[in-house]
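# Reading the structure
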Amino acid sequence: MKKQFFTIAVSALALTTLFAAEPTLDITGDKAQDVVVAGKTYKFDGAIKDVAGAKVMAFGEKPLAVPGKTLVDESGSIVMEYAIDTKTSKSGARPLVCLRLEGNKQIAFFTFHGNPVIQLRFGNPVFADRNIKLTPKKIHQSAVTWDGKQIKFYLDGKLIYEAKQPLPVKPANIALLTVGPFRDQYFITPTWDNDCFMKRLRVYNTALSAKEIAELK
């Protein structure tokens, strides 16, 4: 009986591992690298720093922009590990990562110069208009998920906000995914000092569960 139970438990673990969500984009910030999206290569490059014992890439002067259509779907998740130590400068709002949608709509994590906070934006343009204080020079993890019905926002593995999804995410309306500054006909976010640091960015075309987010390594 014990042997049979062990076999079942191992099989269940194997299935869990087998069907674990795989990221459509996975970038680490410990080195300069080529990022391939939809068959095209993009350079992710910046100063490598040591923050809280981790190798991270400073961004703000060298933005990254890749097409988002193959990365997310009507459901999706964006998970970013980062640290910030924002300095007062001429650059106000600072998009850490931003998925551009139609018009001026976006799914994004923002911070602000001289103010170490994290803000979720989901919509036109601000949905969760709340600034959550962060500890400077500490590695934090922010995650947002959507499934067509609800959005959920996590900080360091804990659910801190959930609400009805304010707008659909349609593949035909997905534009660029950016790390750092970007500009288009609706927004101009100038470059800033290298005081925002990325440890890892993962994007999924499914809405991760709270358990999956908490277990991300």
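Computed from a prediction, not measured in an experiment: that's the story for all the values here.

## Some thoughts on the sheet that holds strand β15 (residues 176-179)
- The six strands are arranged β6-β15-β8-β9-β10-β11 in an open sheet whose pairing can be described as antiparallel. A strand with exactly one partner marks an edge of an open sheet, and here the two such strands are β6 (64-67) and β11 (132-133).
- Bridging between strand β10 (residues 115-123) and β11 involves two bridges; their strand directions are antiparallel. Of the residues in β11, the one forming a bridge with Val 117 is Lys 133.

## Examining the pattern of salt bridges
- Using the criterion set out here, one finds ten salt bridges in the structure.
- Its salt-bridge partner being Lys 43, residue Asp 34 comes within 3.1 Å of it at the nearest N-O pair.
- Given a relative accessible area of 52%, Lys 43 falls into the exposed group.
- One continuous salt-bridge network, built from bridges that share partners, spans Glu 81, Lys 199 and Arg 202.

## Re unusual backbone geometry
- One non-glycine residue, Ala 38, adopts positive backbone phi at about 55°.
- Assessed through its relative accessible area of 59%, Ala 38 is described here as exposed.
- Positioned with a positive phi, Lys 137 is a non-glycine residue whose angle comes to about 55°.
- Position of Lys 137 relative to the elements: it lies in the loop between β11 and β12 (140-146).

Each value, and the rule that gives it
Residues numbered from 1 in each chain as written. Predicted model: local features only at pLDDT ≥ 70, side-chain atom pairs only at ≥ 80, totals over all residues. Heavy atoms only, no water. Pairing = 2+ DSSP bridges. Helix = DSSP H or I, 4+ residues; strand = E, 2+ residues; numbered from the N terminus. Salt bridge = Lys/Arg side-chain N within 4 Å of Asp/Glu carboxyl O. Buried < 20%, exposed > 50% of the residue type's maximum accessible area, 1.4 Å probe, protein only.

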